[in-house]
Amino acid sequence: MPNLIQPPNITREFVSKVRRHISISFPLLQVVLGPRQVGKTYGIKQLLESWPGPKIMETADLITPPDARWIENHWRRALSLGNNTLLVLDEIQKIPAWSEAIKLLFDESRNKIDLKVVLLGSASLSLQEGLTESLAGRFELTKVPHWDFNESREIVKISPEEYICYGGYPESYRYINDFERWQNFMMYSILEPVISRDIQASRRINKPALFKQTLELVMRNPAQEISFQKMLGQLQENGNVTTIQHYLNLLEGAFLIKQLRKYSPNQLKQKVSSPKLIPSCSGLSNAFLGIKVDQKDEHFGRLFESAIGALLASLDGELYYWREGDYEVDFILQQKKKTYAIEVKSGKRKNSASLGKFLKKYPYVTPVIINKENFPALLEKKKEFFSELNPH
């Protein structure tokens, strides 16, 4: 079977974005971050192939990680090639004190020679820290999302329902006709490296069993608002609210989940509210749930809602949920010019008066219903889906 992650006719949106950013003279550092195995390196290789000037790409993913001199050597080599040289450094977070080295070299050469620099990294928390601590004001960040429905069906014939159950990781598509192999791939080739190499290798996890139970609880209960106290009651290992919150933040920093806050004009209420937890890709959740497209069970409604939430979280704007007593609206998407109250109708029974109560309180918000009839259009159109909505 061909390598599914290299479809020859797909240029992902992030590649075009980085190309635009480096087209100006003396651009900022370009940092490309995203989950493992979503095609970051492949996309940047596409950029290199079409780059008109000199180019260098090197990776620090070596048996013995290099030191900061490795960065300096490649940087100086790129400078020697003259203006409009593109330098790409992959897995940069593997190098100790990488951000300090990059800062010194960038400041030294800035506005002297037109060097384009792209730094690649996986879901590494240490990389994200290095950006905020040492490189503030020197970089532009491009986040690479999971593969969307349109990109996925360029690789394999996949239905909207299959995308909800299996989508997001192109290499996994080779196994979608063998569910057990697909599930094993997701657990051991996707999740395990993130846990062991991106989180536990860079953060001290005092209670590793509790950490893994927290991850499993979120993945088995997608798109649910869960109080920290309730979470503690469902976990076998002893812990406290602070520990659980810390573990959720680590999972979010590693691009595994998204924590949604309650919609409220009062920012303090937003911060203290219980989060609604959305796996960043519904396929991650299904690796735990084990839902097959032709054998949908009572969990499919949550998986459906979770997939919609993950898609909405990838759009421009801020995403929330709303609850007041027994009334709940699944998602509130707040963009620059518009706010949408989004109700997901997946077949499970809900309080039908919730949307009306919310709109009475916030009449400026546009209501949107997502159901099994129109969700394929949302998957296909994404941001255009909302721009085409009739306000009434």
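Right, let's walk through the structure included here. (Residues numbered from 1 in each chain as written. Predicted model: local features only at pLDDT ≥ 70, side-chain atom pairs only at ≥ 80, totals over all residues. Heavy atoms only, no water.)

### Topic: the sheet that holds strand E11 (residues 339-345)
Just so we agree on the cut-off: Two strands pair under a simple rule: DSSP has to find at least two bridges between them. For helices the rule is a DSSP run of H or I covering at least 4 residues; for strands it is a run of E covering at least 2, with both sets numbered from the N terminus onward. Only heavy atoms matter for contacts: two residues are in contact if any of them lie within 4.5 Å across the pair. The axes used here are C-alpha line fits, helices contributing only the stretch in contact, and every angle between their N-to-C directions lies in the interval 0 to 180 degrees.
Pairing within the open sheet is mixed, and its seven strands lie in the order E6-E8-E7-E9-E10-E11-E12. The outermost strands of the open sheet, each flanked by one partner alone, are strand E6 (224-225) and strand E12 (366-371). Bridging between strand E9 (residues 318-324) and strand E10 (residues 327-334) involves six bridges; their strand directions are antiparallel. Looking at E10, one finds that Glu 324 is bridged to Tyr 327. Contacting strand E7 (257-262) and strand E8 (276-279), helix H11 (residues 241-253) runs over the sheet at an angle of about 120° to E7.

### Examining the pattern of salt bridges
Formally: One side-chain nitrogen of Lys or Arg within 4 Å of one carboxyl oxygen of Asp or Glu is enough to make a salt bridge. A simple rule labels every residue: compare its accessible area, found with a 1.4 Å probe on the protein chains alone, to the largest value its type can have, and call it buried under 20%, exposed over 50%, or partly exposed in between.
One pass over the structure, following the stated rule, counts 21 salt bridges. Measuring nitrogen to oxygen at the nearest pair gives 3.3 Å for the salt bridge that ties Arg 76 to Glu 72. One end of the pair is Arg 76 and the other is Glu 72, both in helix H3 (residues 68-80) and four residues apart, which spans about a single turn. When its relative accessible area of 33% is taken as the criterion, Arg 76 is described as partly exposed. When its relative accessible area of 33% is taken as the criterion, Glu 72 is described as partly exposed. With a closest N to O distance of 3.7 Å, Glu 305 and Arg 302 form a salt bridge. With Glu 305 and Arg 302 both in helix H14 (residues 300-313) and three residues apart, the pair spans about one turn of that helix. Owing to a relative accessible area of 1%, Glu 305 belongs among the buried residues under this scheme. Classification of Arg 302 by relative accessible area gives partly exposed; the value is 25%. Linked through salt bridges whose partners overlap, the residues forming this network are Glu 225, Lys 276, Arg 302, Glu 305, Arg 323, Glu 328 and Asp 330.

### A few points about helix H2 (residues 40-50)
Regarding H2, the residues found buried are Lys 40, Gly 43, Ile 44, Gln 46, Leu 47 and Leu 48. Looking at the packing, one finds that the buried side of H2 touches helix H1 (13-21), strand E1 (29-33), strand E2 (55-59), strand E3 (85-90) and strand E4 (115-121).

### A look at the packing of helix H9 (residues 208-220) against H11
Condition: Throughout, the term roughly parallel applies to angles under 35 degrees, roughly antiparallel to angles over 145, roughly perpendicular to angles from 65 to 115, and oblique to all others. Whether a crossing is left-handed or right-handed is set by the direction in which the near helix is turned from the far one by less than a right angle, anticlockwise for left-handed and clockwise for right-handed. Think of it as three bins: nonpolar holds Ala, Val, Leu, Ile, Met, Phe, Trp, Tyr, Cys and Pro, charged holds Asp, Glu, Lys and Arg, and polar takes everything else, Gly as well.
Closest axis-to-axis distance for the H9/H11 pair is 10 Å, and the angle between their directions is 65°. By the angle between their directions, the pair H9 and H11 is classed as roughly perpendicular. In the packing of H9 onto H11, the handedness of the crossing is right-handed. From H9, Leu 210, Phe 211, Thr 214, Leu 215 and Val 218 reach across to H11, where they touch Thr 243, Ile 244, Tyr 247, Leu 248, Leu 250 and Leu 251. Looking at the contact of H9 with H11 residue by residue, the classes come out as nine nonpolar, two polar and no charged.

### Description of the packing of aromatic side chains
Counted only if it meets this: Pairing of aromatic rings covers Phe, Tyr and Trp, the last counted by its six-membered ring, and requires centre-to-centre distances within 6.5 Å; plane angles under 30 degrees mean stacked, over 60 mean edge-to-face, and any other angle means tilted. Two conditions define a charge sitting above a ring: the NZ of Lys or the CZ of Arg must be within 6 Å of the ring centre, and it must be within 35 degrees of the ring normal.
Applying the stated rule across the entire model yields 16 aromatic pairs. Here Phe 300 and Phe 304 contribute two aromatic rings whose centre-to-centre distance is 6.4 Å and whose plane-to-plane angle is 40°, an arrangement assigned as tilted. Residue Phe 300 and its partner Phe 304 are located together in helix H14, separated by four residues, close to a single helical turn. Taken individually, Phe 300 and Phe 304 each receive the classification buried, so the pair is uniform in this respect. One aromatic cluster is present, built from ring pairs that chain together Tyr 263, Tyr 320, Trp 322, Phe 358, Tyr 362 and Tyr 364. For the cation-ring pair, Lys 276 lies above Phe 331, with the distance from its terminal atom to the ring centre recorded as 4.7 Å. Stacked on the ring of Tyr 327, the Lys or Arg Lys 357 has its end atom at 5.1 Å from the ring centre.

### Notes on the side chain of Ser 172
Threshold: What qualifies as a polar contact is a pair of N or O atoms within 3.5 Å, subject to a donor-acceptor requirement within protein and to the restriction that residues adjacent in sequence count only when both atoms come from side chains.
Within the secondary structure, Ser 172 is located in the loop between helix H7 (160-166) and helix H8 (179-199). At 2.7 Å, the side chain of Ser 172 forms a polar contact with the backbone oxygen of Tyr 169. Setting aside its immediate chain neighbours within four residues, Ser 172 contacts Tyr 166, Trp 182, Phe 185 and Met 186.

### Let's talk about the environment of Pro 265
Here Pro 265 lies in the loop between E7 and helix H12 (267-272). Its relative accessible area of 63% is what places Pro 265 among the exposed residues. Along the primary structure Pro 265 and Phe 106 are separated by 159 residues, whereas in three dimensions their C-alpha atoms are 41 Å apart.

### What about the nonpolar core?
Filter applied, for reference: Among buried residues, those of type Ala, Val, Leu, Ile, Met, Phe, Trp, Tyr and Cys that are joined through side-chain atoms within 4.5 Å constitute a nonpolar core.
Membership of the largest hydrophobic core comes to 90 residues, with the highest contact counts inside it found for Met 231, Leu 256, Leu 284, Leu 312, Ile 342 and Phe 386. Sort the elements by how many residues they give to this core and H8 lands first, with nine residues. Leaving out residues up to four positions away in the same chain, Ile 342 has contacts with Leu 312, Val 329, Asp 330, Phe 331, Leu 333, Val 368, Ile 370 and Phe 386. Within the second largest apolar cluster, 26 residues are counted, among which are Val 31, Leu 105, Phe 106 and Leu 119.

### Here's the deal with the state of the cysteines
How we decide: Note on terminology: pairs of cysteine sulfur atoms within 2.5 Å are recorded as disulfides.
A complete count under the given rule lists zero disulfides for this structure. Cysteine Cys 165 remains unbridged, with the sulfur of Cys 281 as its closest cysteine sulfur at 11 Å.

### Details of unusual backbone geometry
One non-glycine residue, Gln 37, lies in positive phi territory at about 60°. Position of Gln 37 among the secondary structure elements: in the loop between E1 and H2. Taking relative accessible area as the criterion, Gln 37 reaches 31% and is therefore assigned partly exposed. A positive phi is found at Ala 223, a non-glycine position, where the angle reads about 60°. Here Ala 223 is to be found in the loop between H9 and E6.

On their own, these measurements won't tell you what the molecule is for.
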